[in-house]
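# Inside the fold
Below, each chain spelled out in residue letters.
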Amino acid sequence: MREFSYARPSQPADALTAIAGTRGARYLGGGTNLVDLMKLGVESPGLLVDVTALPYDLVEEGAGGGLRVGSGVRNSDLAANMAVRRRYPALAQAVLAGASGQLRNMATVGGNLLQRTRCSYFQDVTKPCNKRVPGSGCPARQGEHHNLAILGASPHCVATHPSDMAVALAAFDAVVHVEGPAGPRQVPLSELYRLPGDEPQHETTLDSGTLITTVELPALPLAANSRYRKARERASYAFAIGSVAAALAVVNGVVVDVRVALGAVAPMPWRAHLAEQALRGGPATEQAFKEAADAELARAQPLRDNRYKIPLLRNLMVRTLSELLEAS
Amino acid sequence: MSDGVATGSRISLTVNGGVYELELDNRTTLLDAVRERLDLVGAKKGCDHGQCGACTMLLDGRRANACLILAVAAEGRAITTIEGVASGEGLHPLQQAFVDRDGFQCGYCTPGQICSAVAMLAEVEAGWPSAVTADLYSERAVLDADEIRERMSGNLCRCGAYVNIVAAIEDVAR
C-alpha cells in the first residue's frame, strides 16, 4: 500500500478544501471498500479525508413526508430506522440483504453509492481492465463473467454496480445532494451514474472532489407497499446475482402506480422503466407481470455465462410483484 | 513521507478501558495496531479483506471488521477486543457457553465469533431487524436459530462448528 496522509475534518468546508488541494485524494467513509481496494493496489490515494466526523449522520423528516438521510449514516442505522422500515420497507430490506452485521455497522450511505464494482478483473491489478487502466482491454467478456451485466454494458466494460441499497433508492426516485467546488447541487439518483460506453473509468456524473451530503427520499405513499428480493449464490453474506426492488399500488384490480428497479444486472441500479410503462393503467395479474418483465428484459444482451440472469430476473420480478399484489 | 506531508500519526487508542499513545504509519490497520503494538493477539487476521470476521472487535459497542479500519480512524472510539469482553476475572457468558457447547474446533475464528455475538445480542435488544425477520415493523426481534445464523453470517468457521456456535448463542439469548 502506498503511503498517505490522513485528515478528519469536522466541517464540510475543510473537507472540500483538503480534497481540492491534493491530487489523488479520496474521501474515506466506513472504508469497507476503499481500504480493501488500497490493500489490493487498485486505489493508491496520497491523502484520505475521513468524512465520518462531518455533520451528516442523521435521518430526518424531509419536506412533505419524505426523509433526508445523511451521507454518513451507517447502513445498520438506516435499516433499523423505524420511519424507513414503515415508509420505505424495500430500502430497509435491501440494506439488510447486503454484507454482514460488522460491515453494515461501518459502511455509510454515501460510500455505498460510490463503491466500486466487484468484477474480479477490476480488483486484480495483474489483469487488464478498461475501468482501472483505460485502453488495457476487458478480459471479462471472454473470461469470468457469470455475475456481470446483461443490461447497459458496452464492449469496453461489463461490470455491475454491486449495491443493494442503491436499487431501492433508484426505485424510489431518491435525490442525491452534493457539495463541490462549484457549490451545492442536487442530482437525481437516475443521473448519478454513467453507462460505461468507451470510457468505463468514468462511473458517475460527479466532478472530482464532490462530497455527497444527503440522500433525499421523496414522499412516496406507494413505497409503504414495497419489497426487495435478492438472489445470491449462498444464503447470506454474498453479493446479488440478481435483485429487484418494487413498489405497487392497485385499485380495483388495476395498477395505478408501480416502481421497479433491478440490481446486479447493469453498471448502475437499473430502473425498469419499460416494465413500469407496461404495467401502469393495466390489470394487476401474474400474466401482466410476466409481460412487463419480458418487456424490460427484451433489451438484455447476455454473454456466454450470464444468460441465466434473464429468466432469473423475470422470475424475481413476477414473484415480487405478485407478493406486493397480495399485500395491497 | 511524500511532499513533506506526514504519512504517519501520533494517536491515542482506547482499548479495553486502557489508553495507549502510539506513533504509527497511517497505513496501519486497527487489527495490526492492536495485535502488533499492544500485544493483544486475541483478534485474528484471517482473510484481511473483511470477508471472514476473525478480526471482529467492538467500537463503541458495535461490531466491526478491524482489518478494514485504519488505526488513525479509530482514535476517539472505545475499542473492545476479546480480551476485554468479560468483566472481572470470570468469563463472559458467551465465552462460557462456547466452552460448554464446544463451539469451536481449531479456535481461530472464536474470538471474532464471540465479539460478534456480544454485539449481535445488543442489536437484537435494540430491536434491529435482520434479512430473515418476518415482521419488519416489530420493535422486538425474536432470536431463533435462523435469525442467529443470518445475523452471524459475517463470521466464517472453516472447521464448520456452526451447529455448536448457534447452540452456544441460543443458551445465552434465552
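About the cut-offs
Along each chain, residue indices are assigned from 1 in the same order as the chain's sequence is written. Ligands are numbered from 1 and chains lettered from A, in the order in which they are written. Totals for whole chains, interfaces and linings use every residue, but because this is a predicted model, local features are given only for residues with pLDDT of at least 70 and side-chain atom pairs only at 80 or more, for both listing and counting. Numbering of helices and strands runs from the N terminus; a helix is a DSSP stretch of H or I covering at least four residues, while a strand is a stretch of E covering at least two. Burial in this document is a count-based property: other C-beta atoms within 10 Å of a residue's C-beta are tallied, and the residue is buried at 20 or more, exposed at 12 or fewer, or partly exposed in between, with C-beta positions derived from the backbone. Note on contacts: each residue gets a C-beta atom placed from the backbone, and two residues are in contact if those atoms are within 7 Å. With C-alpha atoms as the basis for the radius of gyration, the globule rule is written as 2.2 Å multiplied by the number of residues raised to the power 0.38. Expected helix span is taken as 1.5 Å per residue step, with the number of steps being one fewer than the number of residues. All domain edges in this entry derive from an automatic or database-based domain assignment. All axes are obtained by fitting lines to C-alpha atoms, using only the stretch in contact for helices, and the reported angles, taken between N-to-C directions, cover 0 to 180 degrees. For classification purposes, angles smaller than 35 degrees are called roughly parallel, those larger than 145 roughly antiparallel, those between 65 and 115 roughly perpendicular, and all remaining angles oblique. By definition, any crossing whose near helix is turned counterclockwise from its far helix by less than a right angle is left-handed, and any crossing with a clockwise turn is right-handed. Polar here means any residue other than Ala, Val, Leu, Ile, Met, Phe, Trp, Tyr, Cys and Pro, which are nonpolar, and Asp, Glu, Lys and Arg, which are charged; Gly is therefore polar. DSSP bridges decide pairing: two strands pair if at least two such bridges lie between them.

### Side note on the overall build of chain B
Looking only at helices and strands, chain B features 5 helices and 5 strands. Helices and strands in chain B line up, N terminus first, as β-β-α-β-β-β-α-α-α-α. Principal axes of the C-alpha set define a box for chain B whose edges measure 55 × 35 × 30 Å. Looking at chain B residue by residue over its 174 residues, the buried ones come to 44%. Contacts in chain B between residues at least 24 apart in sequence constitute 57% of all its contacts with a sequence separation of at least 6.

### Notes on the overall build of chain A
On a plain count of helices and strands, chain A comes out with 11 helices and 12 strands. Relative to the compact-globule value of 20 Å for 328 residues, chain A shows a C-alpha radius of gyration of 19 Å, a close match. Seen through its C-alpha atoms, chain A measures out along the principal axes to roughly 60 × 50 × 35 Å. Classification of the 328 residues of chain A by burial places 55% in the buried group.

### What about helix α3 (residues 110–125) of chain B?
Compared with the 22 Å implied by 1.5 Å per residue over 16 residues, the 22 Å span of α3(B) between its first and last C-alpha is a close match. B:Gly127 sits one or two positions beyond α3(B) and adopts a positive phi of about 85°.

### Regarding the domain arrangement of chain A
Once the domains are mapped, chain A shows domain 1 (1–53) and domain 2 (226–327). Placing a centre on the C-alpha atoms of domain 1 of chain A and another on those of domain 2 of chain A gives a separation of 37 Å.

### Side note on the packing of helix α2 (residues 93–101) of chain B against helix α5 (residues 162–173) of chain B
Two quantities define a packed helix pair, namely the angle between the axes and the distance from one axis to the other. Residue and element names in this part refer to chain B. Their axes nearest at 8 Å, the elements α2 and α5 cross at an angle of 135°. In terms of their interaxial angle, α2 and α5 are classed as oblique. Relative to α5, the crossing made by α2 is right-handed. Contact residues: α2 offers Pro93, Leu94, Ala97, Phe98 and Arg101, while α5 offers Asn164, Ala167, Ala168, Asp171 and Val172. A breakdown of the residues in the contact of α2 with α5 according to their chemical character gives 7 nonpolar, 1 polar and 2 charged.

### Quick word on the interface of chain B and chain A
Counting residues at the interface gives 34 residues for chain B and 31 residues for chain A. Listed by contribution, the elements that provide at least two residues to the side of chain B that touches chain A are β4 (62–65), α3 and α4 (145–151) of chain B. With 4 residues, the single largest contributor to the side of chain B that touches chain A is β4(B).

### Some points on the domain arrangement of chain B
Residue and element names in this part refer to chain B. Domain boundaries in chain B define domain 1 (8–84) and domain 2 (93–173). In this structure, domain 1 and domain 2 have C-alpha centres spaced 22 Å apart. At the junction of the two partners, domain 1 supplies 15 residues and domain 2 supplies 14 residues. Looking at the side of domain 1 that touches domain 2, the elements with two or more residues in it are β3 (56–59) and β4. At 3 residues, the largest contribution of residues to the side of domain 1 that touches domain 2 is made by β3.

### Remarks on the packing of α2(B) against α3(B)
Residue and element names in this part refer to chain B. For the pair α2 and α3, the least separation of the axes is 10 Å and the interaxial angle reads 130°. With respect to each other, α2 and α3 are oriented oblique. The chirality of how α2 crosses α3 is right-handed. Here Leu94, Gln95 and Phe98 of α2 come into contact with α3, specifically with Thr110, Ile114, Ala117 and Val118.

### Focus: the sheet that holds strand β3 (residues 47–50) of chain A
Residues and elements named next belong to chain A. Taken together, the 3 strands give an open sheet; going across it, the order is β1-β3-β2, and neighbouring strands pair in parallel fashion. Only two strands of the sheet have a single neighbouring strand rather than two, namely β1 (5–7) and β2 (25–28). Across this sheet, the average inter-strand angle for adjacent strands is 20°, counted without regard to direction. Contacting β1, β2 and β3, helix α1 (residues 12–20) runs over the sheet at an angle of about 170° to β3.

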